[in-house]
Amino acid sequence: MRGRKPKPAHLRVVSGTRGGALAWRGDDGGDHARGADDKPPTCPAHLSPTAKAEWKRLARHLFALGTLAEADRAALAAYCQAYGRWVEAEKTLAQTPTLIKLPSGYIQPSPWLGIANKQLEIMKGFMAELGLSPVSRSRVTPAQKLQPKPWEFD
(Lines give C-alpha, C1' and ligand atoms only; values in the text may rest on other atoms or scores of the structure.)
Protein backbone atom coordinates (compact mmCIF):
# COMPACT_ATOMS: atom_id res chain seq x y z
CA MET A 1 0.00 0.00 0.00
CA ARG A 2 1.11 3.51 -0.65
CA GLY A 3 1.29 6.32 1.81
CA ARG A 4 1.76 6.40 5.51
CA LYS A 5 0.72 3.43 7.59
CA PRO A 6 -2.23 4.32 9.81
CA LYS A 7 -1.72 4.61 13.55
CA PRO A 8 -3.16 1.87 15.74
CA ALA A 9 -6.36 2.91 17.56
CA HIS A 10 -4.75 3.21 21.00
CA LEU A 11 -2.16 5.69 19.65
CA ARG A 12 -4.88 7.76 17.96
CA VAL A 13 -6.61 8.04 21.34
CA VAL A 14 -3.41 9.22 23.01
CA SER A 15 -2.72 11.79 20.28
CA GLY A 16 -6.30 13.07 20.52
CA THR A 17 -7.41 12.65 16.91
CA ARG A 18 -11.14 12.46 16.26
CA GLY A 19 -11.24 8.88 14.99
CA GLY A 20 -9.30 7.57 17.96
CA ALA A 21 -12.06 7.53 20.56
CA LEU A 22 -14.45 5.68 18.27
CA ALA A 23 -11.86 3.13 17.20
CA TRP A 24 -10.74 2.58 20.80
CA ARG A 25 -14.27 1.62 21.85
CA GLY A 26 -14.50 -0.66 18.84
CA ASP A 27 -17.39 1.42 17.48
CA ASP A 28 -16.79 3.34 14.30
CA GLY A 29 -20.43 3.80 13.48
CA GLY A 30 -20.93 0.65 11.41
CA ASP A 31 -22.71 -2.62 12.10
CA HIS A 32 -19.91 -5.18 12.26
CA ALA A 33 -21.94 -8.35 12.42
CA ARG A 34 -20.71 -11.22 10.30
CA GLY A 35 -22.37 -11.87 6.99
CA ALA A 36 -23.83 -15.30 6.22
CA ASP A 37 -20.97 -17.23 7.88
CA ASP A 38 -22.07 -18.64 11.21
CA LYS A 39 -18.90 -20.63 11.98
CA PRO A 40 -15.21 -20.38 11.10
CA PRO A 41 -13.96 -22.14 7.95
CA THR A 42 -12.69 -25.69 8.37
CA CYS A 43 -8.99 -26.45 8.44
CA PRO A 44 -7.66 -27.97 5.18
CA ALA A 45 -6.51 -31.57 5.57
CA HIS A 46 -3.24 -31.07 3.66
CA LEU A 47 -1.67 -28.76 6.25
CA SER A 48 1.25 -29.98 8.33
CA PRO A 49 0.63 -30.70 12.03
CA THR A 50 2.31 -27.42 13.06
CA ALA A 51 0.25 -25.51 10.50
CA LYS A 52 -2.95 -27.14 11.78
CA ALA A 53 -2.09 -26.06 15.32
CA GLU A 54 -1.59 -22.49 14.08
CA TRP A 55 -4.92 -22.68 12.22
CA LYS A 56 -6.70 -23.73 15.42
CA ARG A 57 -5.04 -20.89 17.32
CA LEU A 58 -5.97 -18.20 14.80
CA ALA A 59 -9.23 -19.23 13.11
CA ARG A 60 -11.50 -18.92 16.16
CA HIS A 61 -9.91 -15.64 17.19
CA LEU A 62 -10.15 -14.04 13.73
CA PHE A 63 -13.71 -15.30 13.27
CA ALA A 64 -14.76 -13.87 16.64
CA LEU A 65 -13.35 -10.51 15.57
CA GLY A 66 -15.41 -10.73 12.39
CA THR A 67 -12.42 -10.59 10.06
CA LEU A 68 -12.44 -14.22 8.84
CA ALA A 69 -14.95 -15.66 6.40
CA GLU A 70 -15.11 -18.80 4.25
CA ALA A 71 -13.63 -16.78 1.38
CA ASP A 72 -10.45 -16.24 3.43
CA ARG A 73 -9.79 -19.97 3.91
CA ALA A 74 -7.02 -20.19 1.30
CA ALA A 75 -5.20 -17.11 2.59
CA LEU A 76 -5.22 -18.38 6.17
CA ALA A 77 -4.16 -21.86 5.00
CA ALA A 78 -1.22 -20.38 3.06
CA TYR A 79 -0.17 -18.34 6.10
CA CYS A 80 -0.39 -21.38 8.38
CA GLN A 81 1.58 -23.59 5.97
CA ALA A 82 4.32 -20.93 5.72
CA TYR A 83 4.31 -20.76 9.52
CA GLY A 84 4.72 -24.56 9.73
CA ARG A 85 7.65 -24.51 7.30
CA TRP A 86 9.26 -21.61 9.17
CA VAL A 87 9.02 -23.51 12.48
CA GLU A 88 10.55 -26.61 10.87
CA ALA A 89 13.40 -24.58 9.39
CA GLU A 90 14.10 -22.84 12.72
CA LYS A 91 14.14 -26.16 14.59
CA THR A 92 16.59 -27.58 12.05
CA LEU A 93 18.76 -24.47 12.25
CA ALA A 94 18.93 -24.82 16.03
CA GLN A 95 20.38 -28.33 15.60
CA THR A 96 22.76 -27.62 12.70
CA PRO A 97 25.42 -24.97 12.09
CA THR A 98 24.37 -21.75 10.37
CA LEU A 99 27.45 -21.87 8.13
CA ILE A 100 28.43 -25.02 6.21
CA LYS A 101 31.89 -25.82 4.87
CA LEU A 102 31.67 -27.37 1.40
CA PRO A 103 34.05 -30.14 0.23
CA SER A 104 35.74 -27.54 -1.99
CA GLY A 105 36.63 -25.52 1.12
CA TYR A 106 34.17 -22.69 0.60
CA ILE A 107 31.85 -21.66 3.41
CA GLN A 108 28.20 -20.91 2.67
CA PRO A 109 25.06 -20.28 4.73
CA SER A 110 22.87 -23.25 5.54
CA PRO A 111 20.01 -23.80 3.07
CA TRP A 112 17.68 -23.85 6.09
CA LEU A 113 18.51 -20.20 6.72
CA GLY A 114 17.21 -19.27 3.26
CA ILE A 115 14.07 -21.36 3.79
CA ALA A 116 13.38 -19.72 7.15
CA ASN A 117 13.87 -16.21 5.74
CA LYS A 118 11.64 -16.90 2.71
CA GLN A 119 8.83 -18.27 4.89
CA LEU A 120 9.04 -15.16 7.08
CA GLU A 121 8.59 -12.98 3.98
CA ILE A 122 5.55 -15.01 2.93
CA MET A 123 4.11 -14.83 6.44
CA LYS A 124 4.63 -11.06 6.55
CA GLY A 125 2.51 -10.60 3.42
CA PHE A 126 -0.33 -12.72 4.75
CA MET A 127 -0.12 -11.10 8.19
CA ALA A 128 -0.85 -7.74 6.60
CA GLU A 129 -3.77 -9.15 4.61
CA LEU A 130 -5.32 -11.01 7.54
CA GLY A 131 -4.82 -8.27 10.13
CA LEU A 132 -2.29 -10.14 12.26
CA SER A 133 -0.06 -7.20 13.15
CA PRO A 134 -0.90 -4.08 15.18
CA VAL A 135 -0.77 -1.74 12.18
CA SER A 136 -2.66 -4.05 9.84
CA ARG A 137 -5.43 -4.52 12.43
CA SER A 138 -6.18 -0.83 12.07
CA ARG A 139 -6.66 -1.34 8.31
CA VAL A 140 -8.78 -4.50 8.38
CA THR A 141 -12.44 -3.95 9.15
CA PRO A 142 -14.85 -6.70 10.14
CA ALA A 143 -17.40 -7.89 7.61
CA GLN A 144 -20.49 -5.74 7.41
CA LYS A 145 -23.91 -7.31 7.77
CA LEU A 146 -25.89 -6.65 4.62
CA GLN A 147 -28.93 -4.55 5.46
CA PRO A 148 -31.77 -4.00 2.99
CA LYS A 149 -32.16 -0.46 1.76
CA PRO A 150 -35.14 1.44 3.22
CA TRP A 151 -36.85 1.39 -0.18
CA GLU A 152 -36.39 -2.38 -0.65
CA PHE A 153 -38.86 -4.89 0.72
CA ASP A 154 -38.43 -8.55 1.68
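For the structure, check the block above.
The model shown is predicted, which means the values in this text are computed figures rather than measured ones. (Residues numbered from 1 in each chain as written. Predicted model: local features only at pLDDT ≥ 70, side-chain atom pairs only at ≥ 80, totals over all residues. Heavy atoms only, no water.)

Participant: So, the overall build of the chain: which residues are in play, and what are the values?
Facilitator: Helix and strand counts for the chain stand at 6 helices and 2 strands. Buried positions account for 23% of the 154 residues belonging to the chain. For the chain, the share of sequence-separated contacts (at least 6 apart) that also reach a separation of at least 24 residues comes to 59%. Total accessible area computed for the chain in this model is approximately 11000 Å², and 58% of it derives from carbon and sulfur atoms. (Helix = DSSP H or I, 4+ residues; strand = E, 2+ residues; numbered from the N terminus. Buried < 20%, exposed > 50% of the residue type's maximum accessible area, 1.4 Å probe, protein only. Contact = heavy atoms within 4.5 Å. Areas by Shrake-Rupley, 256 points an atom, 1.4 Å probe, with all protein chains shown as cover.)

Participant: Can you break down the environment of A75 residue by residue, with the values?
Facilitator: Residue placement: A75 occurs in helix α4 (residues 73-95). Sequence-wise, A75 and E129 are 54 residues apart; in three dimensions their C-alpha atoms are separated by 8.3 Å. When sequence neighbours within four positions are dropped, the list of residues in contact with A75 reads F126 and L130.

Participant: Describe the side chain of E54, listing the residues and the values that go with them.
Facilitator: Relative to the assigned elements, E54 resides in helix α3 (residues 49-65). Judged by relative accessible area, which is 4%, E54 ranks as buried. Separated by 2.9 Å, the side chains of E54 and R57 make a polar contact. Within the local environment of E54, its side chain forms a polar contact with the side chain of Y79, the two groups lying 3.4 Å apart. Apart from residues no more than four positions distant in its own chain, E54 is found in contact with Y79, C80 and Y83. (Polar contact = N/O pair within 3.5 Å; in protein donor to acceptor, adjacent residues only side chain to side chain.)

Participant: Please give an account of the pattern of salt bridges that cites residues and values.
Facilitator: Summed over the entire model, instances satisfying the criterion amount to 1 salt bridge. Linking E54 and R57 is a salt bridge whose minimum nitrogen-to-oxygen distance equals 2.9 Å. Of this pair, E54 and R57 both sit in helix α3, 3 residues apart, which is roughly one turn of the helix. Residue classification places R57 among the exposed positions, given a relative accessible area of 53%. (Salt bridge = Lys/Arg side-chain N within 4 Å of Asp/Glu carboxyl O.)

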